[in-house]
Each structure stands twice: as structure tokens, then as C-alpha cells.
Amino acid sequence: MTATESKLWYLEQINLFKSLNEEEMNKIDENSLMHSADKNQYIYFPQEPSKVIYFLKRGRVKIGSYSEEGKEILKTILYPGEVFGEMGIIGESKRKDFAIAMDKDTRLCTLTVDQMKEIMSSNPALSLDVTTMIGEKLRKMELKLESVIFKDAKTRIIDLIKEMGADYGQKIGEETLIKHNLTHQDIANLTATSRQTVTTVLNELKDLNLIYMERNRFLVRDLNAL
């Protein structure tokens, strides 16, 4: 880690903390710990106590669960600046999901749930932001469940591309560049489809000139036209 990339520097890049002042950030810095994780390393397992909140600064983390047959159910992939493991704030006692680092040298900062609650109690704006964040995550999970029940595989895959474009796509004129680093199997897991279906749908979109594909990126001609 360079001198510039201090723990406080990492914390200042977290979306949730953008509105905090210097004193508030210093308090979080004093209480938080920095961790690193290797590629494919578990950060937490299902049934672990929900006592720690994670702030992701470098790398990606996948969140998911396992079916009764042991099949991985991928719920979301997180990128730098995002928060996870926060459900302990609203009363979750044990993890329902797993969290796994997807990249080498994934960097995380952590606070205990009790520390986060204490900070929130003296900062109503942060408390509201945390509540809003949790509500938005629950809303997205509900929409994803509805999508699996009511939408066909092709629509689910297209919806995922649109979501990625809206969340972190880069506008280039009318086109949108999406850097994703996802395999076709990752996309299949995120959309409850198969790798073969993902390949077929992406090739169809390419043949229709709706997207251009390179390794680890999509160039979407027009998100609204998908």
C-alpha cells in the first residue's frame, strides 16, 4: 500500500461516506480495520454471526448462497465503493449468504455492527443513508425474484446488461461501455440461466448489432433499444 492509499484514503472512497466531514471520517478510521483477501477466498460463510460490516475498496466480491443440492446461487457482484454484510444492523443474527473475493489482493475495511450503530446514532444523515441503502438492496432482490418467476431467460440476461449499464456503464456518445470481468457462467448464475443460454443470447444481440463484445467488456449500441 502506498502512502496515499492509507486506510482513511480507502474509506473516503466508499459511496456511503461521501457526505461525512473530516471529524466523522477520522472516527470511522479509528474504529475500522483494513483486510485483504485473495482470489476465491471466502470473506464469510452462511451461518456465521452477522457482527461485521464490510466496505469494499479494491477488487470484486460475489454474494450468493447454496441450494439444498449444493448448487451456487449467485445474487450479486459488488464493485469498489460498495458496502456488504450490513444486515446485522437491522437484526440479522446469522449470515444467510456467503461472500467470496473474485480478484487478487481484494481490499476491505471493516467495522463491527455495534461500532456502526454508534456512529449512526450521532449522525442522522448517515443513518438515513444506511436505511435507504438496505431498502434499495432488498428492493433489488425482490425484483430479481420476480424476474426469475415471470420473465424468460433472454429477458433476464438483457435486464442484467441494462442494470450493469445503468450502474457503472460509461457513456460514449449514444453507446455505453460496460467493463464487467464476468464469465458466461457468472452471468448465467446471476440470471438463473445456463452458460449455453447466455452464449446464445449474447451472440443473438451481437448479430443484431445491439452489442459489441470483447473480453471482459460490452459496448452496447443503445441501452434503450435492447
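Report follows, based on the coordinates. Keep in mind the model is a prediction, meaning the values are calculated, not measured. (Residues numbered from 1 in each chain as written. Predicted model: local features only at pLDDT ≥ 70, side-chain atom pairs only at ≥ 80, totals over all residues. Heavy atoms only, no water.)

### Here we look at the overall build of the chain
Turning to step 1, where the next piece is worked out: What the chain contains, in helices and strands, is seven helices and twelve strands.
Turning to step 2, where the next piece is worked out: A compact globule built from 226 residues would reach a C-alpha radius of gyration of about 17 Å, and the chain, at 19 Å, matches this within 12%.
Turning to step 3, where the next piece is worked out: Residues counted as buried form 42% of the 226 residues belonging to the chain.
Turning to step 4, where the next piece is worked out: Counting contacts in the chain only where the partners sit at least 6 residues apart, residues at least 24 apart contribute 70% of the total.
Turning to step 5, where the next piece is worked out: Just so you have it, the chain exposes about 12500 Å², and 51% of that area is on carbon and sulfur atoms.
Turning to step 6, where the next piece is worked out: Of the side chains in the chain, 32 bear a positive and 35 a negative charge, and the two mean positions are spaced by 4 Å. (Helix = DSSP H or I, 4+ residues; strand = E, 2+ residues; numbered from the N terminus. Rg over C-alpha atoms; globule rule 2.2 N^0.38 Å. Buried < 20%, exposed > 50% of the residue type's maximum accessible area, 1.4 Å probe, protein only. Contact = heavy atoms within 4.5 Å. Areas by Shrake-Rupley, 256 points an atom, 1.4 Å probe, with all protein chains shown as cover. Lys, Arg positive; Asp, Glu negative; His and termini not counted. Charge placed at Lys NZ, Arg CZ, Asp CG, Glu CD.)

### What about the packing of helix α6 (residues 184-191) against helix α7 (residues 195-207)?
Turning to step 1, where the next piece is worked out: Where α6 contacts α7, the axes come no closer than 8 Å and their chain directions differ by 105 degrees. Overall, the two elements α6 and α7 adopt an arrangement that is roughly perpendicular. Every residue of α7 that contacts α6 at His184, Gln185, Ile187 and Ala188 is listed here: Arg195, Val198, Thr199 and Leu202.
Turning to step 2, where the next piece is worked out: The residue inventory of the contact of α6 with α7, partitioned by class, reads four nonpolar, three polar and one charged. (Axes fitted to C-alpha atoms, helices over the stretch in contact; angles between N-to-C directions. Parallel < 35°, antiparallel > 145°, perpendicular 65-115°, else oblique. Nonpolar A, V, L, I, M, F, W, Y, C, P; charged D, E, K, R; others polar.)

### Details of helix α2 (residues 22-31)
One full turn of an α-helix is made of 3.6 residues, so residues set three or four places apart face in the same direction.
Turning to step 1, where the next piece is worked out: Three or more residues of α2 are buried, namely Met25, Ile28 and Asp29. One side of α2 holds all its buried residues, which, seen down the axis, span an arc of 105 degrees. In this structure, α2 carries Glu23 and Glu30 as exposed residues pointing more than 90 degrees from its buried face.
Turning to step 2, where the next piece is worked out: Those residues of α2 that are buried lie in contact with α1 (7-12), β8 (106-112) and α3 (113-121).
Turning to step 3, where the next piece is worked out: Put simply, Asn21 is the residue that caps the front of α2, since its side-chain oxygen is 3.1 Å from the backbone nitrogen of Glu23. (Arc of directions from axis to C-beta. Polar contact = N/O pair within 3.5 Å; in protein donor to acceptor, adjacent residues only side chain to side chain.)

### Some remarks on the packing of aromatic side chains
Turning to step 1, where the next piece is worked out: Applying the stated rule across the entire model yields eight aromatic pairs.
Turning to step 2, where the next piece is worked out: Measuring from ring centre to ring centre gives 6.2 Å for Tyr44 and Phe84, while their planes differ by 35 degrees; the resulting arrangement is tilted. Of this pair, Tyr44 sits in strand β2 (residues 42-44) while Phe84 sits in strand β6 (residues 83-84), and the two are 40 residues apart along the sequence.
Turning to step 3, where the next piece is worked out: Residue Tyr44 is classed as buried on the basis of its relative accessible area, which comes to 5%.
Turning to step 4, where the next piece is worked out: Residue Phe84 is classed as buried on the basis of its relative accessible area of 2%.
Turning to step 5, where the next piece is worked out: Through pairs of rings, three or more aromatic residues link up here, namely Tyr42, Phe45, Tyr66 and Phe98. (Phe/Tyr/Trp six-rings, centres within 6.5 Å; stacked < 30°, edge-to-face > 60°.)

### Comments concerning unusual backbone geometry
Most peptide bonds are trans, and most residues other than glycine sit at a negative phi.
Turning to step 1, where the next piece is worked out: A positive phi angle, close to 70 degrees, is found at Asn40, a residue other than glycine.
Turning to step 2, where the next piece is worked out: By the element assignment, Asn40 lies in the loop between β1 (33-37) and β2.

### Remarks on the side chain of Thr193
Turning to step 1, where the next piece is worked out: Along the chain, Thr193 falls in the loop between α6 and α7.
Turning to step 2, where the next piece is worked out: Engagement of the side chain of Thr193 in a polar contact is seen with the side chain of Thr191, the distance being 2.8 Å.
Turning to step 3, where the next piece is worked out: The contacts of Thr193, once residues within four sequence positions are left out, are Ala153, Arg156, Ile157, Ile187, Ala188 and Val198.

### What to know about the sheet that holds strand β11 (residues 211-214)
Turning to step 1, where the next piece is worked out: A sheet is described by the order of its strands in space; here four strands give the open sequence β9-β10-β12-β11, paired in antiparallel fashion. Strand pairing shows two members of the sheet lacking a second neighbour, β9 (170-172) and β11, which therefore form its edges. Averaged over neighbouring strand pairs, the angle between their axes works out to 20 degrees when direction is ignored.
Turning to step 2, where the next piece is worked out: With four bridges connecting them, strand β10 (residues 175-179) and strand β12 (residues 217-220) associate as antiparallel partners. Its bridge partner lying in β12, Ile178 is registered against Phe218.
Turning to step 3, where the next piece is worked out: Together, β11 and β12 form the strand contacts of α7, whose direction differs from that of β11 by roughly 120 degrees. (Pairing = 2+ DSSP bridges.)

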